[in-house]
Every structure is written in structure tokens, then in C-alpha cells.
Amino acid sequence: MDTLIILIEVNHSCSIQTGYLVTVFIRRRKRTRFTTQASFCTFSSKAFHQEYPMKQAESFRLDTSWSSLAKHAPLLRLNALDFSDLWDDEDPELDSIDEDSSQTSANQIAASPVPPPPPPLAPPLPVASESQRPASCRTLRLHWSALLSLQPLPRVGRFGLQSFWAGLEPVQLDTNRLEYLFESKSSNNSALCSLMRGRQQKQPCVSVLGVKRSNIITIALSSLPPVHLLPPAIYSMDNTVLDREDIQRLQMLVPNEEELNLIKEAKAQASRSPLGSAEQCLLTLGSVPHLSARLQLWAFTLDHDILEREIAEPLFHLKLAMEQLAANQTFRCILATVLAIGNFLNSCKAKGFELSYLGKLSQVRDTHGRQPLLHHVCVLLLQLYPQSSDLYSDITAVTKASKCDYTQVQLNLSQLESLCKASWDQLRLLEKDGKKKKGKGRKEEDGEEATLHQRLTQFLKDCEERLKVLRAVHRRVINRFHSFLLFLGYSRMMVRETSAEVFCKTVSDFALEYRATRNAILQQREREKEKEREKPSQSTPKLKTRLQQSPSDENQEQVKLEEVLKTPESSSSFHFDFTLPRQRSKTSDKKGCPSRKLKW
């Protein structure tokens, strides 16, 4: 049957006297999965409804919006990580789950009829102590943390309704054999046993190493597997037991002959005293023949791919950078524009210029508006070559090559060659040591060593072939870079002095400045276009009135002028118009018509 579980939350309102808001959640369990159905019931006094009607409506609106959001839970997936198997009922924390389970059990007890009282339990059996146990049952004790009782599980569980321990099947043991194997051989006298244990605990450990060296070994051991597992992993070069960081720690712990002699002498003098953890570790590592050679060979097998990548990737970036610059049309247009401006300003006819001057274009400014020369170059390119790009987005390989150190690349190549040669010597040394112990060891160990030797031999042969390829790639890429500088007009002396990373950094920084300047010009033009679009809408009424008024004024003046010219001088109907121009007279103006004739 389905189980109904009612959870009641009481939300206290602003005042205790106004009432309470009770929210009831009903959860239905079906096939060990839970779906949530929420029903809201509000119980309050009449005064609360009359005084706070808006608060009640607002709280109901918030509850309904939250329930709608809870129903549409997002898909639990982050990139390639799928968490969709997590349940919705796994959201409550541990404390809320415990309270929920306690309330559920209380509700179930209240809902179920009262069962009859159980029969009286039998008295608990007394626990047998060591003194009560027979002598034949004395065995060693396991000092573990026993679980005397299992805690009840929460309602929601991904792993089942029972505890892990409750689902285990009983195991039949041969108790006689266990009693024989783990028989306690201590004396019956408990006082004597405690005295012997105290002496064993107080017995000092043999320590012959310095404090600093001992601390270094102790710190390294905290990150390494148990000491007794280290020699087998070193013999077989097992990457599942020791990784690259563990090998580096072991290389720091390789003991020298002096330390091994001190530890052996101290152990011979105090044979009953245990060795310290640091001394025991060095003694165990010292038992592995040619430990340093094995660790170096093992480290080279793990580091080879990384060293090869550190050499090949910068060379590939440089090769691709030269191809991008040679094929980029915007780069050609920029150089042509700068060359034309320079020839005009210098009054010369130069065939080209060194590209290191590109970094100084932002420093040269005009004398009128104090704009940098790079600004004018961008303006000219936008006018002459509107299809040109921002250059920086087209030469990503140049930016990557500018962050590489090609002097270090050459050193890494030399280091890889020396490591490969040293690995061959170390493999020959291990092969000789294996031949000496071939008759003494077991066949299984001989087979494992032969397989490891064959695998290492094949690996080093592949390294030699790949090293030849790396040498050829490095030589040809550097020679192509030199020819590319000659293609750009550099002299042979300048080619020898110019490094690849400096050249690429100069071009990359210039491309970045060019893109920033170009974007600023384009944004300024967009703002000006927006202003021009806004101005006509505001000034059109004024222009229309001016255009309408100006022709009428000119017509009126033309009509007046024609009337004056047509009117005879002796006519008595002539009236002087003060708006027309006239010659000034020394006599003062009088009202009425003047007696003198005007001269036009």
C-alpha cells in the first residue's frame, strides 16, 4: 500500500496573537521513488483575516510560484558529467532527514492501533570476560570500533531499506584453526603481561640519521605506499602503484653507501631494538640493486612524451605563424601603407623597412590633433581597403609563438638526446645484472624481467626514431624562419641577431594595438552616424519654414524695387520708403516728405 506522510510546518506570523500559517505537504511514496504534491491550508483567526488580507494573498502567491519552480527542476548535467540519477528527495540534509524520520515514525505509531504488550524479555546474558573464558579460548584481540547497534535508515535511500551489515550472509569459520593461529601466548599473570608490554613500548628505536634527513623521509613516506610494497613496484615499474610524483619522491630518498653502512652497523649492535621508520625505509630501498638507475629509466619513460611535446609544439606554432603572415592580405596592406607614409614624410623612395618599427607607430603623433600615426594608418586602410580585417584574429599562431622560448627549445632537445643515451646505458646495466641473477631467481621472476627488458628496449628504439624526426624538424623550422626574415628584407647580420620569440612578440603586440585602434575608429564612426540620424529629425521643421519664408521676402523686395523704378519723380503720389537705402545728408531728419531729391 502507498504510505501517506504528512509534514506540518508552522510559520509564525508577525504577531503571536494574529495566528499561525500552517503549510501541509503530502508526499506519496511509490516504487521507492517519491513525488511531491503540495496542498496549502490556512488556519487563522478572524482578526488575522480582517487585518492582514494582503499578506495572506501574497504568501499564497509566493507558495504557488515556488511549487511551480520546484516541479520544473533542471536536468542535472554539467558538460560531460551526468548527475541525472540523483533523486529529488535527496535534497534534504542529514538533520532534516532525521527529524523527518522521527516525525514519520511518531505519526505511524499514532495512526496504527495500539498493539498488545510484548511478552517479558529474557534477562541479558552476561558478557564473558577474559578471566571467565577457558584457557583453550585465549586468542588475540582485534582493537576495532565495533558497531553494537545499527542506526535506523532514513526513508529516502539510494542503497536500499536495510543497512549494509544487515544484508551480509553468515560465514562459516573453522574456529579451531583460528584459535590455533591466533593463540595468545601471554602469561596468565596480567601484571607481568602489562609490565612486559610497558617495556616493549618504552624500548627506544634505532635512529642514526640526522633530524633534517629523517624529517624529509618521514614527510615523503606519508604520500607513498607502504614501504614493503615499494621494491616489487620498482622491479616491475608498475605505474598503477607509483606515479611520476612518487618516483620523484623516491629519487630524493635514494640512500648512499655511508647511510646504509651506519644503519647496518646500528642494527647489528642493537639487534633486538626496532629501527626507526626513516632508517627502515632506507634499508628497504637499499636492498634494490641499481635503484637510482631504475628510477631514472622509469622517470624517462614517463617524461618522454612531455619533453617531446615541449619541443614540437613551439616549432609547430612558429611554422604556422610564418604561413599566416605570408598569406595575410591585411598585413601586406598595412606594410604598404606605412611604407608610403614614411616615403612621403622622409622624401625618399625606400624599398621597405625593418618590422621592429611597427611598435613605434603608436608613439609618433601629428602636430595638429596629436593623433598617433597608427590612427592615421587605420583610417587610410579603412578608406582604401574596407574589406581588411583587424589582423590580430588572423595571426593566432604568431601570438602563441611569441610566448615560447626557442632558446629553451634547443636546450630541451639537447637534454632529450642526453637522457635517451643515458637510458640506453641504464638498460644495459640492468641487463647485465639480470644475467648474473638468472640462475638464482625463479622462472616467473625471470619471465617478468625479460618482458620488461623487451618492452624497454622497444620503447628506447622508438625514442631514437622520434628523436631523429625532432632534430630534422627543429633544423628545418629554424632555417625556414631565417629565410622568412630574408623574405621580409632583413640583412644576414640582422637575421643572425633576431630571435624568433622577439620577432613574433613585436608583430603580435602591433596587431593587438592595431585592432584596438581600429575598433575605436569604427565605434566613433557609429556614434557620428547616430548623431546625424538624430539631427535631421529635429531640424527639418526649421528648414522648411526658412525655405518657405525666404522666397516670399525676396519677391516682396523685388516688387517694391520695380514699383519705385516705374514711378516718375514729379508724381505727387510718391511716398518715401525708409526701408530702401539712401544717401545720408547733414541736415536733420524732418517729419513728412523731404524737399530734397534722393540720389540712388
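Residues numbered from 1 in each chain as written. Predicted model: local features only at pLDDT ≥ 70, side-chain atom pairs only at ≥ 80, totals over all residues. Heavy atoms only, no water.

Per an unreviewed UniProt entry, the recorded name for the chain is FH2 domain-containing protein, and the organism is Cirrhinus molitorella.

A.B. asks: For this particular structure, what's the right way to read the overall build of the chain?
C.D. replies: Scanning the chain for helices and strands turns up 18 helices and five strands. A buried classification covers 25% of the 600 residues belonging to the chain. For the chain, the exposed surface amounts to about 45,000 Å²; the carbon and sulfur share of it is 56%. (Helix = DSSP H or I, 4+ residues; strand = E, 2+ residues; numbered from the N terminus. Buried < 20%, exposed > 50% of the residue type's maximum accessible area, 1.4 Å probe, protein only. Areas by Shrake-Rupley, 256 points an atom, 1.4 Å probe, with all protein chains shown as cover.)

A.B. asks: Even after reading the chapter, I still don't get the pattern of salt bridges, so can you show me in this structure?
C.D. replies: Proximity of charged atoms lets side chains of opposite charge pair with each other. Summed over all chains, the structure comprises eleven salt bridges. Between Arg471 and Glu417 there is a salt bridge; the shortest N-O distance is 2.7 Å. Here Arg471 is found in helix α16 (residues 443-487), whereas its partner Glu417 is found in helix α15 (residues 406-436), with 54 residues between them in sequence. According to the relative accessible area criterion, Glu417 is partly exposed, its value standing at 21%. (Salt bridge = Lys/Arg side-chain N within 4 Å of Asp/Glu carboxyl O.)

A.B. asks: Explain the packing of helix α6 (residues 211-221) against helix α10 (residues 277-286) here, please?
C.D. replies: Two quantities define a packed helix pair, namely the angle between the helix axes and the distance between the axes. Between α6 and α10, whose axes approach to 9 Å, the crossing angle comes to 75 degrees. Considering the angle they form, α6 stands roughly perpendicular to α10. On the side of α6, the interface is formed by Arg213, Ser214, Ile217, Thr218 and Leu221, while α10 contributes Ser277, Ala278, Cys281 and Leu282. Each residue belonging to the contact of α6 with α10 can be placed in one class, and the counts come to five nonpolar, three polar and one charged. (Axes fitted to C-alpha atoms, helices over the stretch in contact; angles between N-to-C directions. Parallel < 35°, antiparallel > 145°, perpendicular 65-115°, else oblique. Contact = heavy atoms within 4.5 Å. Nonpolar A, V, L, I, M, F, W, Y, C, P; charged D, E, K, R; others polar.)

A.B. asks: Explanation requested: the environment of Leu380 in the structure shown.
C.D. replies: Tracing the backbone through its elements, the reader meets Leu380 in helix α13 (residues 373-384). Remark: the alpha-carbon pair of Leu380 and Val338, spanning 42 residues in sequence, is separated by 9.9 Å. The contacts of Leu380, once residues within four sequence positions are left out, are Thr337, Ile341 and Tyr385.

A.B. asks: Quick question: what am I supposed to make of helix α12 (residues 329-346) here?
C.D. replies: In an α-helix, one turn spans 3.6 residues; hence positions three or four apart end up facing the same way. Its 18 residues give α12 an end-to-end C-alpha distance of 26 Å, which sits within 8% of 26 Å, the value for a rise of 1.5 Å per residue. Residues of α12 that are buried: Thr330, Phe331, Cys333, Ile334, Leu335, Thr337, Val338, Ile341 and Asn343. Taking the backbone nitrogen of Thr330 as reference, a side-chain oxygen 3.1 Å away marks Asn328 as the first, capping residue of α12. Downstream of α12 by one or two residues, Ser347 has phi in the positive range, about 55 degrees. (Expected span 1.5 Å × (residues − 1). Polar contact = N/O pair within 3.5 Å; in protein donor to acceptor, adjacent residues only side chain to side chain.)

A.B. asks: Explain the side chain of Gln426 to me, please; I cannot follow it from the model alone.
C.D. replies: On the secondary structure map, Gln426 appears in helix α15. Not counting the four nearest positions on each side in its chain, Gln426 is found in contact with Ala293, Gln296 and Leu297.

A.B. asks: Help me understand the packing of aromatic side chains in this model?
C.D. replies: One pair of aromatic rings is described through two measures. These are the centre distance and the angle between the planes. Using the criterion set out here, one finds six aromatic pairs in the structure. Connected via pairs of aromatic rings, a cluster forms that spans Phe481, Phe484, Phe487, Tyr490 and Phe503. (Phe/Tyr/Trp six-rings, centres within 6.5 Å; stacked < 30°, edge-to-face > 60°.)

A.B. asks: Could you clarify how one ought to interpret the packing of helix α11 (residues 291-327) against α15 in this entry?
C.D. replies: Running from N to C, α11 and α15 cross one another at 155 degrees; their axes reach a closest spacing of 9 Å. On the basis of their axis angle, the class for α11 and α15 is roughly antiparallel. As α11 runs across α15, the sense of the crossing is left-handed. Taken together, the residues of the contact of α11 with α15 break down into 17 nonpolar, six polar and three charged. (Left-handed = near helix turned anticlockwise from the far one by under 90°.)

A.B. asks: Explain the side chain of Thr517 to me, please; I cannot follow it from the model alone.
C.D. replies: By the element assignment, Thr517 lies in helix α18 (residues 500-566). For Thr517, a relative accessible area of 19% gives the class buried. Not counting chain neighbours up to four residues away, the residues in contact with Thr517 comprise Leu374, His375 and Cys378.

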